[in-house]
Amino acid sequence: MNAATESPWLAEAPAPLEAAPAGGPARPKIEREAHKLEKRLCREVGRAVMDFNMIEEGDRVMVCMSGGKDSYTLLDILRKLQKRAPVQFSIVAVNLDQKQPGFPEHVLPDYFKSIGVDFHIENQDTYSVVKRVVPEGKTTCSLCSRLRRAILYRVADQLGATKIALGHHRDDIVATLMLNLFYGGRMKGMPPKLVSDDGKHVVIRPLCYVPEKDTARWAQYQQFPIIPCNLCGSQDGLQRVVVNEMLREWDKKFPGRIESMLRAMGHVVTTHMMDPRLHDFRNAKATGVASPDGDMAFDHEEFPAAPGLPGLQVVQLG
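All values reported here derive from a predicted model rather than from experimental measurement.

The rules behind these values
- Residues numbered from 1 in each chain as written.
- Predicted model: local features only at pLDDT ≥ 70, side-chain atom pairs only at ≥ 80, totals over all residues.
- Heavy atoms only, no water.
- Helix = DSSP H or I, 4+ residues; strand = E, 2+ residues; numbered from the N terminus.
- Buried < 20%, exposed > 50% of the residue type's maximum accessible area, 1.4 Å probe, protein only.
- Contact = heavy atoms within 4.5 Å.
- Pairing = 2+ DSSP bridges.
- Axes fitted to C-alpha atoms, helices over the stretch in contact; angles between N-to-C directions.
- Salt bridge = Lys/Arg side-chain N within 4 Å of Asp/Glu carboxyl O.
- Polar contact = N/O pair within 3.5 Å; in protein donor to acceptor, adjacent residues only side chain to side chain.
- Parallel < 35°, antiparallel > 145°, perpendicular 65-115°, else oblique.
- Nonpolar A, V, L, I, M, F, W, Y, C, P; charged D, E, K, R; others polar.
- Expected span 1.5 Å × (residues − 1).
- Right-handed = clockwise from strand over helix to strand, strands pointing away.

Draft legend 1. Highlighting the overall build of the chain. On a plain count of helices and strands, the chain comes out with 10 helices and six strands. Within the chain, the proportion of its 318 residues that are buried is 37%. Taking the intrachain contacts of the chain between residues at least 6 apart in sequence as the baseline, contacts between residues at least 24 apart amount to 76%.

Draft legend 2. Quick look at the environment of serine 260. With respect to the helices and strands, the residue serine 260 is situated in helix H10 (residues 257-265). With a relative accessible area of 34%, serine 260 lands in the partly exposed category. Residues serine 260 and valine 174 lie 86 residues apart in sequence; the distance between their C-alpha atoms is 10.0 Å.

Draft legend 3. Just the sheet that holds strand S1 (residues 60-64), in detail. With mixed pairing, the six strands of this open sheet are ordered in space as S3-S2-S1-S4-S6-S5. The sheet is open, and its two edges are formed by strand S3 (119-123) and strand S5 (193-195), each paired on a single side. For this sheet, the mean inter-axis angle between neighbouring strands, taken without regard to orientation, is 25°. Pairing analysis gives three bridges linking S5 to strand S6 (residues 202-204), with the strands arranged antiparallel. Its bridge partner being in S6, leucine 194 is matched across the sheet by valine 203. The strands touched by helix H3 (residues 69-82) within the sheet are S1, strand S2 (90-97) and strand S4 (163-165), with S2 carrying the most contacts at an inclination of about 165°. Packed onto the sheet, helix H6 (residues 141-159) meets S1, S2, S3, S4 and S6 and runs at close to 140° relative to S2.

Draft legend 4. Just the pattern of salt bridges, in detail. Counted under the stated rule, the structure contains 20 salt bridges. Its salt-bridge partner being glutamate 56, residue lysine 163 comes within 3.2 Å of it at the nearest N-O pair. Residue lysine 163 is found in strand S4, and its partner glutamate 56 is found in the loop between helix H2 (29-51) and S1; the two are separated by 107 residues along the sequence. Residue class for lysine 163 comes out buried when judged on its relative accessible area of 3%. Salt-bridge contacts for lysine 99 lead to aspartate 97; the nearest nitrogen and oxygen are separated by 3.4 Å. A cluster of three or more residues bridged by salt bridges with shared partners is formed by Lys69, Asp70, Glu212 and Arg248.

Draft legend 5. How the structure looks around the side chain of threonine 176. Mapped onto the fold, threonine 176 is located in helix H7 (residues 170-184). Reaching out from threonine 176, the side chain makes a polar contact with the backbone oxygen of aspartate 172 at a distance of 2.9 Å. Setting aside anything within four residues of it in sequence, one finds threonine 176 in contact with Lys188, Gly189, Met190 and Arg240.

Draft legend 6. Structural view of the packing of H3 against helix H8 (residues 212-222). Interaxial distance between H3 and H8 falls to 9 Å at its minimum, and their mutual angle equals 80°. When the interaxial angle is binned, H3 and H8 end up roughly perpendicular. Side by side, H3 and H8 meet where Lys69, Asp70, Thr73, Asp76, Ile77 and Lys80 of the first sit next to Glu212, Thr215, Ala216, Trp218, Ala219 and Gln222 of the second. Tallied by class, residues from the contact of H3 with H8 come to four nonpolar, three polar and five charged.

Draft legend 7. Structural detail: H7. When the terminal C-alpha atoms of H7 are compared, their 20 Å separation across 15 residues agrees well with the 21 Å that a helix rising 1.5 Å per residue should span. Counting buried positions along H7 yields 11 of 15 residues, so the element is predominantly enclosed. Three or more residues of H7 are buried, namely Arg170, Asp171, Asp172, Ile173, Val174, Ala175, Thr176, Leu177, Met178, Leu179 and Asn180. Summarising the contacts, the buried residues of H7 are in contact with H8, helix H9 (239-253) and H10. Note on H7: the residue one or two positions beyond its end, glycine 185, has a positive phi of about 65°.

Draft legend 8. Here's a closer look at the pairing of S2. Taken across its eight residues, S2 has seven buried, putting it largely inside the fold. Pairing of S1 with S2, which is carried by five bridges, proceeds in the parallel orientation. Bridging across to S2, arginine 60 finds its partner in serine 90. For the crossover from S1 across H3 to S2, the handedness is right-handed. Between the parallel pair S2 and S3, the chain is carried across by helix H4 (residues 107-115), and the sense of this crossover is right-handed.

Have a look at this one:
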C-alpha cells in the first residue's frame with residue numbers, strides 16, 4: 001500500500017452495523033449501495049483535497065450553501081472527512097438569501113440547527129437589483145454571480161474564513177471547458193483551487209472529481225431539503241443548460257468520455273497547442289538533441305480502443 005492510500009483523507013469509514021432481519025441479508029441492498037456511494041464520495045473528495053492541498057491545518061472553511069443537491073453533499077462529506085482528517089479545521093455553512101419571491105428562508109437554518117453545524121445567513125436583496133438592471137428576457141446569471149461573489153468575499157472576511165468551498169462538481173468543470181471552447185474561443189475551465197481576483201481569498205472545489213449523478217443520488221438518499229433556484233440556471237435557452245444536456249447524453253451513450261475530458265484538463269501538452277504565451281514557437285529550432293516532447297508530425301497517434309468510447313467510429317483521412 002502506498003503513502004497516498006494510507007492517508008486519513010482516503011481512509012474508509014466503517015460500515016454501520018445493523019441487525020439482520022429474520023431470514024434476510026445482514027443489510028438491505030439499498031443500505032449497501034448507499035454505503036458504497038458514501039465511500040466513493042469521501043474517497044473522491046479526499047483525493048481532491050490531497051491533490052490540490054485544499055485544506056490545511058487551522059483552516060476555517062466557509063461552505064457556500066445554495067440549498068441545492070451539490071452544496072448539501074459538499075457540506076455533508078466535508079463534515080464526515082473532518083472527523084478523520086490529518087489536520088484540524090473548522091466549518092461554517094453560509095447561505096446568501098437573495099430575497100427571491102417564495103424563497104423558503106426557514107429551510108436552511110432549520111437544517112443547520114438539526115445537524116449542529118456553525119452557520120451564517122446573509123440577507124441581501126440582489127434579486128431586485130438583477131431584475132431592475134437586466135432587461136426582460138435576458139439571462140441574469142452573469143450579474144447575479146458577480147453580486148453574489150462580492151458579498152461572499154465580504155462575508156468570508158467577517159467570519160475569518162481562510163477557504164471558501166464551492167459545490168461545483170466534475171460535470172460543472174467539464175461543462176465550463178466546453179462553454180469556453182464553443183462560445184469563448186479559449187481553453188479555460190474551472191480550477192479546483194484558485195486565489196480570488198482581489199488576492200485575499202482562496203476558493204476551493206472539493207467535488208471536482210465527483211460526477212453530478214453521485215451528488216444527485218446522495219441527496220436523494222439523505223433526503224436533503226432541496227430548495228429550487230428560479231432566478232439562475234433555470235432559464236430556457238441558457239448555453240450552459242444546452243451543454244449540460246449534451247454531456248448527460250454523452251455520459252449515457254459513451255461511458256468514460258466525461259472522465260477522459262476531465263483527465264485531459266490535468267494533462268495539457270503546451271508544446272502541442274497554439275498559444276505562443278505558453279510555448280516559444282517563433283524561436284523553435286532544430287538542436288540535434290532528441291527530446292521526449294518532440295513532435296510526431298508524421299505518426300498516427302494511438303488512442304485507447306473503443307471500450308471507453310462505445311459506439312464511436314474512427315475514420316482516418318488521407
